[in-house]
Amino acid sequence: MKVKIHSKHVDFKLKAAMHSMCGYAISSLGISNRISKNLNLTIHMGHHETEGEARVAKDANRYRPRDFKINLDHHRMEKDDYNRPLEDTEWGHRVLRTLAHELVHVKQYIVGELSWRDAGLLWKGVNHNPDNLLEYYDLPYEIEAHGREYGLLVGFLLVWTGLEKKFEKELNKLV
Ligand SMILES: [Zn+2]
């Protein structure tokens, strides 16, 4: 899997965690190594009309997509749902959680549940066009993405904290 992250002012540690999250989520969601090694994920961090979005890349094969573009608007993640500012760690977790959410959509495209056709976005062949936020939360692909994002974050953090500790130990040995 190739992951490219385009961002300004996002620290190295969060970027490293985002790289790892891509591998962790895709494999946790049941995508085989054979497929995941051919994936290209390009992540753009910057202003966007939504907090996150995952799309099949422009020139990709729409019938067998392996190239994806993910947008994450980290500015929209600076406050919680009640408009309270998030602290750094909370903010980092929110970025990772939103990334996990978008990776669920990537999985849906790979297995063909979600597809991009001339008719628009199809879920199992049907185009759902949400008119409002309530209808959005009712979309089957959003139910899955919202249902999986927190578990993916928690599972990832367990692995990630373990890795960080191991690296720290190794680094301390060198001093
Ligand atoms: Zn979504």
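The following refers to the structure shown. All figures in this text were calculated on a predicted structure; none of them were measured in a lab.

Contact geometry for helix 3 (residues 88–111) and helix 5 (residues 140–174): axes closest at 8 Å, N-to-C directions at 130 degrees. Relative to helix 5, the element helix 3 lies oblique. Crossing of helix 3 against helix 5: the hand is right-handed. Side by side, helix 3 and helix 5 meet where His-93, Leu-96, Arg-97, Ala-100, His-101, Val-104, His-105, Lys-107 and Gln-108 of the first sit next to Tyr-141, Glu-142, Glu-144, Ala-145, His-146, Arg-148, Glu-149, Tyr-150, Leu-152, Leu-153, Phe-156 and Leu-157 of the second. Its residues assigned to classes, the contact of helix 3 with helix 5 comprises 10 nonpolar, five polar and six charged.

What follows concerns the sheet that holds strand 1 (residues 2–6). Pairing between the strands of a sheet comes from backbone hydrogen bonds, and it takes one of two forms, parallel or antiparallel. On the basis of which strands lie adjacent, the open sheet formed by four strands has the order 1-2-4-3 and mixed pairing. Because the sheet does not close on itself, it has two edges, and the strands there are strand 1 and strand 3 (52–56). Recorded for the sheet is a direction-independent mean angle of 15 degrees between the axes of neighbouring strands. Across five bridges, strand 1 lies against strand 2 (residues 40–45) in parallel orientation. When the bridges of strand 2 are listed, Val-3 appears paired with Leu-41. Running over the sheet, helix 1 (residues 12–28) touches strand 1, strand 2 and strand 4 (67–72) and is turned about 145 degrees from strand 1. Here helix 3 sits on the sheet in contact with strand 2, strand 3 and strand 4, set at roughly 150 degrees to strand 4.

Calculation rules
Residues numbered from 1 in each chain as written. Predicted model: local features only at pLDDT ≥ 70, side-chain atom pairs only at ≥ 80, totals over all residues. Heavy atoms only, no water. Axes fitted to C-alpha atoms, helices over the stretch in contact; angles between N-to-C directions. Helix = DSSP H or I, 4+ residues; strand = E, 2+ residues; numbered from the N terminus. Parallel < 35°, antiparallel > 145°, perpendicular 65-115°, else oblique. Left-handed = near helix turned anticlockwise from the far one by under 90°. Contact = heavy atoms within 4.5 Å. Nonpolar A, V, L, I, M, F, W, Y, C, P; charged D, E, K, R; others polar. Pairing = 2+ DSSP bridges.

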